[in-house]
Amino acid sequence: MTDTYRFLTTRIEENVGIVTLNRPDKLNALSWELAEELATVFYRWRYVDEVRAIVLTGAGRAFCAGGDIDWISGDSDRPMPGTSDATRPIPRSQRKTPGGPFMDATRQMIAVDKPIVAALHGHAVGAGLAYAMVCDRRFADTTLKMSAIFTNVGVAPDCGLSWFLPRIVGLPTALMMVETGRVFRADDCKAMGLVDELVPEGESFAAAFEYAKTLAQRASVAVDMARRMIYMGQTATLEQMLDYEGIAGVIVASSLDAKEGTQSFLEKRKPVYHGI
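Reading the values: rules and limits
- Throughout, a residue's number is its position along its own chain's written sequence, starting from 1.
- With the structure being a predicted model, the display of local features is reserved for residues of pLDDT at least 70 and the display and counting of side-chain atom pairs for 80 or more, all residues being used for whole-chain, interface and lining totals.
- Computation of side-chain values: all heavy atoms of the structure, hydrogens and water removed.
- Put simply, a nonpolar core is a bunch of buried Ala, Val, Leu, Ile, Met, Phe, Trp, Tyr and Cys residues held in one set by side-chain atoms that sit within 4.5 Å of each other.
- Burial classes: relative accessible area under 20% of the type maximum marks a residue as buried, over 50% as exposed, and values in between as partly exposed (1.4 Å probe, protein chains only).
- By the criteria applied, helices consist of DSSP H or I runs no shorter than four residues and strands consist of E runs no shorter than two, each listed in order from the N terminus.
- In what follows, a contact means two residues having at least one pair of non-hydrogen atoms within 4.5 Å.
- Geometry of aromatic contacts follows a simple scheme: Phe, Tyr and Trp rings, the Trp one being its six-membered ring, pair when their centres are within 6.5 Å, and the pair is stacked under 30 degrees between planes, edge-to-face over 60, tilted otherwise.
- Look at NZ for Lys and CZ for Arg. If either is within 6 Å of the ring centre and within 35 degrees of the ring normal, a charge sits over the ring.
- Here, a salt bridge means any side-chain nitrogen of Lys or Arg that lies within 4 Å of a carboxyl oxygen of Asp or Glu.
- Any two strands with at least two DSSP-identified bridges between them are counted as paired.
- In this analysis an axis means a line fitted to C-alpha atoms, helices contributing only their contacting stretch, and an angle means the value between N-to-C directions, from 0 to 180 degrees.
- Here the expected length of a helix is defined as 1.5 Å per residue gap, with one fewer gap than residues.
- To be clear, the arc concerns the directions from the helix axis to the C-beta atoms.

Enquirer: Honestly, the nonpolar core in this entry has me stumped. Any pointers?
Expert: Among soluble globular proteins, nonpolar side chains are generally buried collectively. Counting residues in hydrophobic clusters, the biggest one holds 54 residues, and the most contacted among them are Leu38, Leu56, Leu120, Met133, Leu144, Met146 and Leu194. A total of eight residues in this core trace back to one element, the largest contributor, which is helix H1 (residues 32-45). Those residues within four positions of Met146 in sequence are excluded, and the remaining contacts are Leu120, Ala124, Val125, Leu129, Ala132, Met133, Arg182, Val183, Phe184, Cys189, Leu194 and Val195.

Quick look at the structure:
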């Protein structure tokens, strides 16, 4: 399967889909078009059974330096609300949903229903920090710098950061990060819980890919449904989750991998899962 994108690259290796933000000259800063492509690839891969886990990374010296400052300032072909004029009117679809694909990328990363592993290096700030937080697990090398940098340039958090950040690092730390816009280096990011695994410089992708491969080799229907249930549990009641777990359990139990899992257990051998 080959898709052509302008600002990101994709490939599939050993049932792992690899998405690379590809504006290295801009430290992979997010333009409207890049955000559209990112949302699109996650939407499409939800229905590609060959992809059982996903790695998200960035080309060049950084993961993602946040929103493209040209767009934020209004100095681009597609103005943001508040910066448009008669010669560059805001498209109707954008006026109705100002966050557009920037927010939709977050929606699609959750809706893809497959584990996403971040491979981080260099800057992961602003929207780049937000997308890193959306991932299921984060591997970073020692060049990492993270910041909820929004207020430093006079804007507010977006791309779901205000939902994910306090759940990952706790309320007081999240408040400190968004209020001060401080930049944190790799060791601090690990200590704060912003990243899960810290590896030597240049090794974050290899570490993230190896982890993603282990997930891709598991019973994918069970893994994907388990991921969905954890997210549902963030906003549901216990009674709702007990009901949903019962329904999901029946769905997963009907998969061929469930049969293989139970049979291999009885036969005392390693299961061979096919993701179906």
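That covers the picture; the talk isn't over yet.
Enquirer: Explanation requested: the packing of aromatic side chains in the structure shown.
Expert: The geometry of an aromatic ring pair is captured by the separation of the ring centres together with the interplanar angle, meaning the angle of the planes. The tally for this structure, following the rule as stated, stands at six aromatic pairs. Geometrically, the ring pair formed by Trp163 and Phe164 is edge-to-face, given 4.9 Å between the ring centres and 75 degrees between the ring planes. We classify Trp163 as partly exposed; its relative accessible area is 30%. Considering the side-chain rings of Phe205 and Phe209, the 5.9 Å spacing of their centres and the 15 degrees angle between planes classify their relative orientation as stacked. With Phe205 and Phe209 both in helix H9 (residues 204-216) and four residues apart, the pair spans about one turn of that helix. Since its relative accessible area comes to 28%, Phe205 is described here as partly exposed. Within the aromatic cluster, the residues linked to one another by ring pairs are Trp163, Phe164 and Tyr231. For Arg23, the ring lying beneath its charged end belongs to Phe7, and the centroid distance is 5.7 Å.

Enquirer: Explanation requested: the pattern of salt bridges in the structure shown.
Expert: Any two side chains of opposite charge can pair if their charged atoms end up close together. In this structure the tally under the stated criterion is 13 salt bridges. Salt-bridge contacts for Glu13 lead to Arg11; the nearest nitrogen and oxygen are separated by 2.5 Å. A residue is classified by how much of its surface remains accessible, and Arg11, at 38% relative accessible area, is partly exposed. For Glu210, the salt bridge goes to Lys213, with nearest N and O atoms at 3.1 Å. Here Glu210 pairs with Lys213, and both are found in helix H9, just three residues apart, close to one helical turn. Relative accessible area serves as the criterion here: at 44%, Glu210 is assigned to the partly exposed category.

Enquirer: Quick question: what am I supposed to make of the sheet that holds strand S9 (residues 197-199) here?
Expert: Through backbone hydrogen bonds, the strands of a sheet pair up, either in parallel or in antiparallel fashion. Strand order in this open sheet of six strands is S1-S2-S3-S4-S6-S9, and the pairing throughout is mixed. In the strand order of this sheet, the two ends are held by strand S1 (8-13) and S9, each with one partner. For this sheet, the mean angle separating the axes of adjacent strands, direction not counted, is 20 degrees. Bridge count for S1 against strand S2 (residues 16-21) is six bridges, and the pairing is antiparallel. In the strand pairing of S2, Arg11 is matched with Ile18. Strands in contact with H9 are S1, S2, strand S3 (53-58), strand S4 (116-120), strand S6 (137-141) and S9; relative to S4, the strand with the most contacts, it is inclined by about 170 degrees.

Enquirer: I'm lost on H9 in this one. Help?
Expert: The α-helix advances 3.6 residues per turn, and as a result positions three or four apart in sequence lie on the same side. Taking 1.5 Å as the rise per residue, H9 with 13 residues should run 18 Å; its terminal C-alpha atoms sit 18 Å apart, in good agreement. All buried positions along H9 are accounted for by Ser204, Ala208, Phe209, Ala212, Lys213, Leu215 and Ala216. The buried residues of H9 occupy an angular sector of 160 degrees when the element is viewed end-on, so they sit on one face.

Enquirer: Help me understand the sheet that holds strand S7 (residues 145-147) in this model?
Expert: Pairing is mixed across the open sheet formed by three strands, whose spatial order is S5-S7-S8. Taken across any chain shown, the strands that pair with only one partner, and hence form the sheet edges, are strand S5 (123-125) and strand S8 (184-185). Strands S5 and S7 of the sheet are contacted by helix H5 (residues 127-134), whose axis makes an angle of about 90 degrees with S5.

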